[in-house]
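Below, each chain spelled out in residue letters.
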Amino acid sequence: MSEMMSSVRGMRTILGAEAQLFERLHDVVHELLHQFGYQPIYLPIVEKTALFKRAVGEETDVVNKEMYTFNDRNDESLTLRPEATAGVVRAMIEFGQLQQVQRLYAEGPMFRYEKPQKGRYRQFNQISVEAFGMQSPALDAELIQLAHELFVRLGVREKVQLELNTIGQSEERKRFAQALVDYLTPFKDQLDEDSQRRLSTNPLRILDSKDEKTKALLVNAPVLDDYLSEESRQHFAKVCAILDHLGIAYVRNPLLVRGLDYYNHTVIEWTTNALGAQGTITAGGRYDQLVEHLGGKPTPAAGFAFGVDRIALLWADSVGLSAPKSQVYGIAATDTEQSALMAMAQKLRAQGVSVWVQSDSQALKKQIQKADKSGADYALIIGESEREQGVYTLKNLRTGEQQTLSAEALLTHFQA
Ligand code: HAM
């Protein structure tokens, strides 16, 4: 036998009941997105490396440490997308779509070279929700309302909490970053290694440090709030007021700064304690400067991404993993009856009934046993006598009750 091939570390194959759950999750999210007026956009998985460097930021972990970057045969530097916002913005500018308001969602696999563990993968899935052309804090609140509604529909709202912050506008952040650097520099030796580096590259990210010593030093550090303009405060206050009105609970987390560089004003993370270390299941915020930064006309924008793998894990915890069963298990006694069964199965499917047809003919008794085990509601049986009389046997697998029906009566039986 040849040596078995295995998959790449951190790149999952999703199969069986989990794959079914993924599909159901996508159905629920799509319905919700359509109700909020969002349209799909299909993006390439590969973009020019420069796009992510410019959009996400050269000094972020995503760009610095985690990108799958390669040169193609033409020696052009390309990258497997680590996220979708950059691609959506690139597309909006490239195809001149920003004359009007846009509400879009882009979904599929993203790639980051992170250390794999439960809930953290090198290929993972996002549904990225992006809105353009709306400046009002009402948009920030609506994006939160959308995610809140998903968690309600999935029955997991009690397991997640909403963390919010405002990081103001770039001038305000610059002044705060300087103050933070001035404050931390004398303690440089006591900071963790990442934070020492960030002191010169990306000081705001130090607020995100998980290191206890660094956290202790931050207790007396300057706070971003003190550097915010009246306009920034007002924007955030309005987001909060709408959420209060909608009855959507949130926690203000003044240390929330996000790991991607394009945000301003409101930043959002939905977190859970139910998944261990990888607790952020959905995250995003406003990014009013990104369109201009990527060469478009200034256009306000905001969005977030559902972390599909993590939401599916959380959902599986509450609904369990069970593959949906066919309603009808079709059985033909011999090959002669098989085509009649397939024809009837097709008519039933056209009525919205799901029918699983046993294709390899086996002894009738064995097939009925299999039907019982399959979890289907009914067995539809065509034996020789049924074929001769032009009728069908329908066995209710829950009650054991059995009926002989004409084609017409059978179809009527399954009419909604
Ligand atoms: P992000 O916070 O980098 O934001 O990722 C969003 C979500 O994707 C995370 O909250 C998490 O659920 C999931 N995620 C990220 N990395 C992994 C991983 N390695 N394994 C499994 N799940 C992961 C963004 O990507 C932004 N583009 C979101 C956004 C959209 N902001 C504005 N619009």
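Look a little higher up for the structure.
Residues numbered from 1 in each chain as written. Predicted model: local features only at pLDDT ≥ 70, side-chain atom pairs only at ≥ 80, totals over all residues. Heavy atoms only, no water.

S.K.: In this structure, what is going on with the overall build of the protein chain? I would like to understand it.
M.R.: Tallying secondary structure elements over the protein chain gives 15 helices and 16 strands in all. In terms of overall dimensions, the protein chain is more spread out than a globule: its C-alpha atoms have a radius of gyration of 27 Å, far above the 22 Å expected for 416 residues. Across its three principal directions, the C-alpha atoms of the protein chain cover 90 × 60 × 45 Å. In the protein chain, which comprises 416 residues, the share counted as buried stands at 49%. Restricting the contact set of the protein chain to residue pairs at least 6 apart, pairs at least 24 apart contribute 71%. By element, 49% of the accessible surface of the protein chain is carried by carbon and sulfur atoms, the whole surface being about 20,900 Å². For the protein chain, the distance from the average site of its 46 positive side-chain charges to the average site of its 54 negative ones is 3 Å. (Helix = DSSP H or I, 4+ residues; strand = E, 2+ residues; numbered from the N terminus. Rg over C-alpha atoms; globule rule 2.2 N^0.38 Å. Buried < 20%, exposed > 50% of the residue type's maximum accessible area, 1.4 Å probe, protein only. Contact = heavy atoms within 4.5 Å. Areas by Shrake-Rupley, 256 points an atom, 1.4 Å probe, with all protein chains shown as cover. Lys, Arg positive; Asp, Glu negative; His and termini not counted. Charge placed at Lys NZ, Arg CZ, Asp CG, Glu CD.)

S.K.: Would you mind showing me how to read the sheet that holds strand β6 (residues 123–132) here?
M.R.: Hydrogen bonding along the main chain pairs the strands of a sheet, whether they run parallel or antiparallel. On the basis of which strands lie adjacent, the open sheet formed by eight strands has the order β1-β5-β6-β11-β10-β9-β7-β8 and mixed pairing. If you trace the sheet from one side to the other, it starts and ends with β1 (39–40) and β8 (251–252), each paired once. Where strand β7 (residues 160–166) lies against strand β9 (residues 264–272), seven bridges are found, and the strand directions are antiparallel. Looking at the pairing, Gln161 lines up with Thr271 of β9. Relative to the sheet, helix α4 (residues 85–94) contacts β5 (102–111) and β6, its axis offset from that of β6 by approximately 40°. With respect to the sheet, helix α11 (residues 308–319) is in contact with β6, β7, β9, β10 (280–286) and β11 (301–307), its orientation differing from that of β11 by roughly 50°. (Pairing = 2+ DSSP bridges. Axes fitted to C-alpha atoms, helices over the stretch in contact; angles between N-to-C directions.)

S.K.: Looking at this structure, how should I read the environment of Ser77?
M.R.: Relative to the assigned elements, Ser77 resides in strand β4 (residues 77–80). Using a relative accessible area of 30% as the deciding quantity, one classes Ser77 as partly exposed. Put simply, Ser77 and Ala50 are 27 residues apart on the chain and 8.0 Å apart in space, counted from C-alpha to C-alpha. Residue contacts for Ser77: discarding those within four places in its chain leaves Lys48, Thr49, Thr69, Phe70 and Asn71. In terms of polar contacts, Ser77 uses its side chain to reach the side chain of Thr49, at 2.7 Å. (Polar contact = N/O pair within 3.5 Å; in protein donor to acceptor, adjacent residues only side chain to side chain.)

S.K.: When you look at the packing of helix α1 (residues 16–35) against helix α5 (residues 137–154) in this model, what are you seeing that I'm missing?
M.R.: At a closest axis distance of 10 Å, the pairing of α1 and α5 adopts a crossing angle of 140°. In terms of orientation, α1 and α5 fall into the oblique class. The two elements α1 and α5 cross, and the hand of that crossing is right-handed. Note on element contacts: α5 touches α1 through Leu146, Glu149, Leu150, Arg153 and Leu154, opposite Leu25, Val28, Val29, Glu31, Leu32, Leu33 and Gln35. Considered class by class, the residues forming the contact of α1 with α5 number eight nonpolar, one polar and three charged. (Parallel < 35°, antiparallel > 145°, perpendicular 65-115°, else oblique. Left-handed = near helix turned anticlockwise from the far one by under 90°. Nonpolar A, V, L, I, M, F, W, Y, C, P; charged D, E, K, R; others polar.)

S.K.: When you look at the packing of aromatic side chains in this model, what are you seeing that I'm missing?
M.R.: Two numbers describe a pair of aromatic rings. These are the distance of the centres and the angle of the planes. Taken as a whole and assessed by the stated rule, the structure comprises 11 aromatic pairs. Consider the rings of Phe304 and Phe306, whose centres lie 4.9 Å apart with planes at 85°: the pair is edge-to-face. Phe304 gets classed as buried once you look at its relative accessible area, which sits at 5%. On the basis of an interplanar angle of 20° and a centroid distance of 5.2 Å, the ring pair of Tyr329 and Trp356 is categorised as stacked. Taken together, the positions of Tyr329 in strand β12 (residues 328–332) and Trp356 in strand β13 (residues 355–357) put the pair 27 residues apart, joining distant regions of the chain. Exposure remark for Trp356: the relative accessible area of 45% places this residue in the partly exposed category. Each member of the aromatic cluster is reached from another via a ring pair, and the members are Phe132, Tyr262, Tyr263 and Tyr287. (Phe/Tyr/Trp six-rings, centres within 6.5 Å; stacked < 30°, edge-to-face > 60°.)

S.K.: Even after reading the chapter, I still don't get the sheet that holds strand β15 (residues 391–396), so can you show me in this structure?
M.R.: Spatially, β13-β12-β14-β15-β16 is the arrangement adopted by the five strands of the open sheet, whose pairing is mixed. In the strand order of this sheet, the two ends are held by β13 and β16 (402–406), each with one partner. Going from strand to strand, the sheet's axes swing by 25° on average, the running direction of each strand aside. Alignment of β12 against β13, held across three bridges, turns out to be parallel. The residue of β13 that forms the bridge with Val328 is Val355. Across the sheet, helix α12 (residues 335–350) is in contact with β12, β13, β14 (378–382) and β15; its angle to β13 comes to roughly 165°. Sheet strands in contact with helix α13 (residues 364–374) are β12, β14 and β15, and its direction is about 170° off that of β12.

S.K.: I would appreciate a short explanation of the nonpolar core in the present structure.
M.R.: Side chains that are nonpolar tend, in soluble globular proteins, to be buried together. Of all hydrophobic cores here, the largest spans 49 residues; its most connected members are Phe132 and Leu184. Discounting residues that sit within four places of it in the chain, Phe132 has contacts with Val88, Val89, Met92, Leu98, Val101, Gln102, Leu104, Tyr287, Val291, Thr299, Pro300 and Ala301. Listed in part, the 44 residues of the second largest apolar core include Ala131, Leu139, Leu164 and Ile281. (Core = buried A, V, L, I, M, F, W, Y, C linked by side-chain atoms within 4.5 Å.)

S.K.: Would you take a moment to explain the side chain of Thr271 for this structure?
M.R.: Among the secondary structure elements, Thr271 is positioned in strand β9. At a separation of 3.1 Å, a polar atom in the side chain of Thr271 contacts the side chain of Glu163. The contacts of Thr271, once residues within four sequence positions are left out, are Lys159, Val160, Gln161, Glu163, Gly279 and Thr280.

S.K.: How should α1 be read in this particular structure?
M.R.: Three- or four-residue spacings in an α-helix give side chains the same orientation, since the helix completes a turn every 3.6 residues. Taking 1.5 Å per residue as the helical rise, α1 with its 20 residues ought to reach 28 Å, and the 29 Å between its terminal C-alpha atoms agrees with that figure. By the burial criterion, the buried members of α1 are Leu21, Phe22, Leu25, His26, Val29, His30, Leu32 and Leu33. Among the structural elements, β5, β6, α5, β11 and α11 are those in contact with the buried residues of α1. Following α1 by one or two positions, Gly37 has its phi on the positive side, about 85°. (Expected span 1.5 Å × (residues − 1).)

S.K.: What exactly am I supposed to notice about the site of the ligand here?
M.R.: As a structural note, the neighbourhood of the ligand is formed by 26 residues, with Glu83, Glu114, Tyr121, Glu130 and Tyr263 the closest of them. In the environment of the ligand, an oxygen atom lies 3.0 Å from a nitrogen or oxygen atom belonging to the side chain of Gln126. A distance of 2.6 Å separates a nitrogen atom of the ligand from a polar side-chain atom of Tyr263. Considered on its own, the ligand offers 660 Å² of accessible surface; in the complex 96% of this is hidden by protein. Counting only elements with at least two residues in the shell around the ligand, the list comes to β6, β10 and β11. Top element by residues in the shell around the ligand is β10. It accounts for five residues. (Near = heavy atom within 4 Å.)

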